[in-house]
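The chain contents come next:
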2 protein chains.
Amino acid sequence: MSEVFATAEAVERHPDIAALAVAAAVDIRVSTDAAVASLVGSVTPQGIVAVCGFVDVPLTDAVSEGSQLVAVGAHVRDPGNAGSLLRCADAAGADAVVFSGSSVDPYNDKAVRASAGSIFHLPMVTGTVMPDVVKTLKARGFTVLAASAGGGTTLDDLLDTGRLTGPVGWVFGNEAWGLPADEARLADEVVAVPIYGRAESLNVATAAAVCLYATARAQRSRSDRPSIRA
Amino acid sequence: MSEVFATAEAVERHPDIAALAVAAAVDIRVSTDAAVASLVGSVTPQGIVAVCGFVDVPLTDAVSEGSQLVAVGAHVRDPGNAGSLLRCADAAGADAVVFSGSSVDPYNDKAVRASAGSIFHLPMVTGTVMPDVVKTLKARGFTVLAASAGGGTTLDDLLDTGRLTGPVGWVFGNEAWGLPADEARLADEVVAVPIYGRAESLNVATAAAVCLYATARAQRSRSDRPSIRA
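Residues numbered from 1 in each chain as written. Chains lettered and ligands numbered in written order. Predicted model: local features only at pLDDT ≥ 70, side-chain atom pairs only at ≥ 80, totals over all residues. Heavy atoms only, no water.

### Section: the sheet that holds strand 10 (residues 189-192) of chain A
Residues and elements named next belong to chain A.
Part 1 of the argument: With parallel pairing, 7 strands are arranged side by side in an open sheet as 6-5-4-9-7-10-8. Two strands close off the open sheet at either side, each with one partner strand: strand 6 (124-128) and strand 8 (153-154).
Part 2 of the argument: For strand 8 and strand 10, the ladder comprises 2 bridges, and the chain directions are parallel. Residue threonine 154 lies in a different strand from strand 10, and its bridge partner there is alanine 192. (Pairing = 2+ DSSP bridges. Helix = DSSP H or I, 4+ residues; strand = E, 2+ residues; numbered from the N terminus.)

Put into structure tokens, the structure is as follows:
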């Protein structure tokens, strides 16, 4: 964080945020409503804006020795979905989030807002391509699973046979057309989240929540890693 | 469905939808772009609008003998979240979705769109209040679980001790302030989705996906109900 712009009213409403900025030796520039609004894309700005540096890291730094769970957004185009993927990967304790192919810029203001702070919580990789992601994950001993409604294996099959206990990289494809065939072929397995009712599909963030939490639980049952309650 | 308004271009692009309407003896009124746009709240309308009757049912009809899984949105205000809850409850094979308290009208156009058709797939209840919902569920032998970040029990605790195999009603509260204390007290248990990372919380639809899928899987492991793959 290098600078904060805030209205006087917002500073009064959020003394905790102001105190954090001051403690971090970051200048707070008290600004007019119009000035703050001009910096923000949302219709009802909250009156406070921080200027931050980019936080993404190289792929090889994000996936390190000891990483267990990585979420990959491949061609995820909707900024809300990209932000939700960050938030939900963070909640599920993922070690990193990777955006590949034609995914939306995760620094898009809607993506940052949808991440609810998680963009700052875990290593994030942008601007990479699936062959490099898969190569890096496999070199680190990961099983690479592509989530797809057309998968030949279901998440239940994997849970039933104990195949989610090692390091797992989950790949989530485009909202409309999923994952290109040549990218799906790079995965160790193409996996469907079971649909028990009549819905045609789940959205990206929901499917990711189900896959990542099921994997986190399977990995933790095995390894007795401590779980922290919210 | 009682009537369809569509542009000539949309009929050409979606001959399957036109054929379904004709097969159901529903009139298709070919309309101008402006006429269809005036019926639709979205910025980029898809050129086709169906007029449908209300589909909600009374609480006592929605929760019947043999129901196993019910999702309750309590004071869920965001139409996108209400629609996502319908879609994800449908995918997880829930028997019904109930909106109580000050929840948004699920017939809101954004809610209907976010449900991706699921509003027509499973019984939905609106305009009810938590004491009635809990009373009905308990009379039918349901365990009522309120999802809350402050819950004294975690979802993992329930899974570890096999407490999700019977009929379960999950209650999801308001996006900002959760469930009022007097409503939370009506539940058999207040349950937290574990946060393994640094996220402060999950959004309603994501938390619902995790809770409903974990429950569906626990119930199915017990009962050998068939699972259908998407």
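Having seen the model, we can carry on.
### Examining the relation of the copies chain A and chain B
Part 1 of the argument: The two copies are related by a screw motion: chain A maps onto chain B through a turn of 180° and a shift of 0.0 Å along the axis, at an RMSD of 0.0 Å. Such a turn and shift between the copies fits a two-fold axis.
Part 2 of the argument: Here 98% of the interface residues in chain A have copies in chain B that are interface residues too; the copies meet face to matching face. (Least-squares fit on C-alpha atoms with pLDDT ≥ 70 in both. Contact = heavy atoms within 4.5 Å.)

### Side note on the environment of B:Pro131
Residues and elements named next belong to chain B.
Part 1 of the argument: With respect to the helices, strands and loops of the structure, proline 131 is situated in helix 7 (residues 130-139).
Part 2 of the argument: Classification of proline 131 by relative accessible area gives partly exposed; the value is 45%.
Part 3 of the argument: Between the C-alpha atoms of proline 131 and aspartate 109, which are 22 residues apart in sequence, the distance is 28 Å. (Buried < 20%, exposed > 50% of the residue type's maximum accessible area, 1.4 Å probe, protein only.)

### Here's the deal with the pattern of salt bridges
Part 1 of the argument: Summed over the entire model, instances satisfying the criterion amount to 16 salt bridges over all chains.
Part 2 of the argument: Here B:Asp160 makes a salt bridge to A:Arg217, at a shortest N to O gap of 3.0 Å. You can see B:Asp160 sitting in helix 8 (residues 155-160) and its partner A:Arg217 sitting in helix 10 (residues 204-223), one on each of two chains.
Part 3 of the argument: Take A:Arg217: its relative accessible area is 23%, and that puts it in the partly exposed class.
Part 4 of the argument: Overlapping salt bridges, with partners in common, bring together A:Glu3, A:Asp27 and A:Arg29 in one network. (Salt bridge = Lys/Arg side-chain N within 4 Å of Asp/Glu carboxyl O.)

### A short note on helix 5 (residues 79-91) of chain A
Residues and elements named next belong to chain A.
Part 1 of the argument: Over its 13 residues, helix 5 extends 18 Å from the first C-alpha to the last, a length consistent with the 18 Å expected when each residue adds 1.5 Å.
Part 2 of the argument: Among the 13 residues of helix 5, 12 are classified as buried, and the element is accordingly described as predominantly covered.
Part 3 of the argument: Among the residues of helix 5, Pro79, Asn81, Ala82, Gly83, Ser84, Leu85, Leu86, Arg87, Cys88, Ala89, Asp90 and Ala91 are the ones counted as buried.
Part 4 of the argument: Just beyond helix 5, the residue with positive phi is glycine 93, at close to 80°. (Expected span 1.5 Å × (residues − 1).)

### What to know about the confidence of the model for chain A
All names here are of chain A.
Part 1 of the argument: Here chain A averages 92 in pLDDT, and 96% of its residues register 70 or above.
Part 2 of the argument: For the stretch residues 225-230, pLDDT sits under 50, and the model shows 17 contacts to residues farther than four places along the chain or on other chains.
Part 3 of the argument: Confidence estimates for the predicted assembly give a pTM of 0.91 and an ipTM of 0.89. (pLDDT = per-residue confidence, 0-100.)

### What about the nonpolar core?
Part 1 of the argument: A:Trp170, A:Phe172, A:Leu212, B:Trp170, B:Phe172 and B:Leu212 are the most contacted members of the largest nonpolar core, which has 86 residues in total.
Part 2 of the argument: A:Phe172 has contacts with A:Ala71, A:Val72, A:Gly73, A:Ala74, A:Val76, A:Leu85, A:Ala147, A:Val204, A:Ala207, A:Ala208, A:Cys211 and A:Leu212, leaving out every residue within four places of it along the chain. (Core = buried A, V, L, I, M, F, W, Y, C linked by side-chain atoms within 4.5 Å.)

### Examining the pairing of strand 9 (residues 168-172) of chain B
All names here are of chain B.
Part 1 of the argument: Extensive coverage of strand 9 is indicated by the burial of 5 of its 5 residues.
Part 2 of the argument: Covered by surrounding structure in strand 9 are Val168, Trp170 and Phe172 together with Gly169 and Val171, the residues of both alternating faces.
Part 3 of the argument: Examined bridge by bridge, strand 4 (residues 69-74) and strand 9 share 5 bridges and lie parallel to one another. Each bridged residue has a counterpart across the sheet, and for leucine 69 the counterpart in strand 9 is valine 168.
Part 4 of the argument: Both strand 7 (residues 143-147) and strand 9 contribute to a ladder of 5 bridges, which runs parallel. Residue leucine 145 lies in a different strand from strand 9, and its bridge partner there is tryptophan 170.

### Thoughts on the interface of chain A and chain B
Part 1 of the argument: Contact with chain A, which involves 43 residues of that partner, is made by 42 residues of chain B.
Part 2 of the argument: Summed over both partners, the interface of chain A with chain B buries about 3,500 Å², with 56% contributed by carbon and sulfur atoms.
Part 3 of the argument: For B:Asp156, the salt bridge identified is with A:Arg217, shortest N-O distance 3.3 Å.
Part 4 of the argument: Inspection of the chain A/chain B interface yields 20 residue pairs in polar contact (both at pLDDT 80 or more).
Part 5 of the argument: When residues of the side of chain A that touches chain B are traced back to their parent elements, those giving at least two are helix 5, strand 8, helix 8 (155-160) and helix 10 of chain A.
Part 6 of the argument: The greatest single-element share of the side of chain A that touches chain B, amounting to 8 residues, is contributed by helix 10 of chain A.
Part 7 of the argument: Within the side of chain A that touches chain B, the residues separate by chemical class into 20 nonpolar, 14 polar and 9 charged. (Buried area = accessible area lost by both parts, 1.4 Å probe. Polar contact = N/O pair within 3.5 Å; in protein donor to acceptor, adjacent residues only side chain to side chain. Nonpolar A, V, L, I, M, F, W, Y, C, P; charged D, E, K, R; others polar.)

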